[in-house]
Amino acid sequence: MAHILSKVHMTKKLLLTLLFTTLAGRLFAQGKLTVMTTTEDLASIAREIGGDHVTVDSIAKGYQDPHFVEAKPSFILKLQKADVLIAVGRELEIGWLPPLIQQSRNAKIQVGAPGYLDASLQAAILEIPNGNITRAMGDVHPLGNPHYWMDPENGKRIAKEIADKFSELRSGDRAFYAQQLAGFTTRLDAAEKGWLARMAPYKGTKMVTYHRSFPNFAERFGLDIVGYVEPRPGIPPTPQHTLDLINEMKRQNVKLVLVEPYFDMKTPLAIGRETGAQVLVMPPSVGGTKDVPDYFKLFDYDISLLIDAIKKSGAK
Ligand SMILES: [Zn+2]
């Protein structure tokens, strides 16, 4: 009898231990995902999808040129703790991200590992070059334009990729992420309708931008970018190119120059003086100014800024 009791007791203890281990294992496995993104745009979308099931931090700040980010040791520490790394891709980060990933020695987020996500996979990419364009020529857009998040339609595609990745890594939260994605998509659709309506009267407005950060934005909202202050993406202005650009702007009566927050204003201001164009600093990223804390505010802010400038310039 004592023998049987002891056996029952043992079984109970074993069951409890097994139960505890399983629960602890599940809690651990299904804990908050630690998400790192390369840019604040991706961080904003990741927060929309992940809600309180994730913690999100980004490497580059929105007021920095995402092509050229100074690699700091603190980034390596952050990458060491990440479950997921979300990158813009299309070689936007090729100048600085690969050594950071390597030095993090975090197997989860190496390129090709389950915790690495290239957000460009389903996005509509513009300006894909014909033939061979290499970085040796100084062009920092060799795989097409990497500033694709500037179209809310691509924002939805990025969000879908992120929701799929989070679900893959936390299958128990699949329904939660699906719901978050649906909510985000609905809100973004509604916001986009408003943005399109506001921009409709200014369709076809001609402008020049410093870097090729806005082709997706221009295509979505019906703007006509006729030239760039940079002769090629990533190459600083040259006197001859600036002169050609000024002549072209005069010929086509272009009255707007958009400059990303991280470029020197000297050449754009000179172009403005020569052509009478409005020169405005327009952020292509969340965090580009303090007034742009998230992905929705990015379009709110840029569209308001642009409409004000178009009115002032008399371009439309
Ligand atoms: Zn670029």
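What comes next is a walk through the structure.

Calculation rules
- Residues numbered from 1 in each chain as written.
- Predicted model: local features only at pLDDT ≥ 70, side-chain atom pairs only at ≥ 80, totals over all residues.
- Heavy atoms only, no water.
- Buried < 20%, exposed > 50% of the residue type's maximum accessible area, 1.4 Å probe, protein only.
- Helix = DSSP H or I, 4+ residues; strand = E, 2+ residues; numbered from the N terminus.
- Arc of directions from axis to C-beta.
- Contact = heavy atoms within 4.5 Å.
- Phe/Tyr/Trp six-rings, centres within 6.5 Å; stacked < 30°, edge-to-face > 60°.
- Donors = N, O, S within 2.8 Å, 3.2 Å for Na, K, Ca; no water.
- Tetrahedral: all angles 85-135°; square planar, octahedral: opposite > 155°, others 65-115°.

**Focus on helix H3 (residues 73-80)**
Each turn of an α-helix holds 3.6 residues, which means side chains three or four residues apart point in the same direction.
Thinking step 1. Restricting attention to buried positions, one finds in H3 the residues Phe-75, Ile-76 and Leu-79. Buried residues of H3, seen end-on, are gathered within an arc of 100 degrees and therefore sit on one face of the element.
Thinking step 2. Of the surrounding secondary structure, the elements contacted by the buried residues of H3 are strand E1 (33-37), strand E3 (84-87) and helix H4 (97-104).

**What about unusual backbone geometry?**
What is expected of a backbone is that most residues other than glycine have negative phi and most peptide bonds are trans.
Thinking step 1. Of note in this structure, Arg-105 is not a glycine but carries a positive phi near 50 degrees.
Thinking step 2. As for its placement among the helices and strands, Arg-105 is situated in the loop between H4 and strand E4 (116-118).
Thinking step 3. By relative accessible area, Arg-105 is classed as exposed at 76%.
Thinking step 4. Its identity as a non-glycine residue notwithstanding, Glu-127 has a phi of 55 degrees, on the positive side.
Thinking step 5. Within the fold, Glu-127 resides in the loop between E4 and helix H5 (152-169).

**Points about the packing of aromatic side chains**
Thinking step 1. Applying the stated rule across the entire model yields 12 aromatic pairs.
Thinking step 2. Between the aromatic rings of Phe-176 and Tyr-177, the centroid separation amounts to 5.4 Å while the plane-to-plane angle is 70 degrees, which identifies the pairing as edge-to-face. One exposure class covers both Phe-176 and Tyr-177, and it is buried.
Thinking step 3. Each ring, one from Phe-217 and one from Phe-221, has its centre 5.0 Å from the other, and the planes form 55 degrees; the classification is tilted. Of this pair, Phe-217 and Phe-221 both sit in helix H7 (residues 215-221), four residues apart, which is roughly one turn of that helix. Judged on exposure class, the residue Phe-217 and its partner Phe-221 are both buried.
Thinking step 4. Grouping aromatic residues by their ring pairs yields a cluster made of Trp-195, Phe-214, Phe-217, Phe-221, Tyr-295 and Phe-299.

**Notes on the coordination of the zinc ion**
Thinking step 1. Coordination of the zinc ion by the protein comes from His-67 (NE2), His-141 (NE2), His-147 (NE2) and His-211 (NE2), over a distance range of 1.9 to 2.0 Å.
Thinking step 2. Each of the four donor atoms bound to the zinc ion contributes to angles spanning 105 to 114 degrees, and the resulting shape is tetrahedral.
Thinking step 3. Sequence positions of the donors to the zinc ion reduce to the motif H-x73-H-x5-H-x63-H. A residue pair is termed long-range when its members are at least 10 positions apart, and His-147 in the loop between E4 and H5 and His-211 in the loop between strand E5 (206-209) and H7 qualify at 64 residues.
Thinking step 4. For His-147, a relative accessible area of 0% puts it in the buried group.

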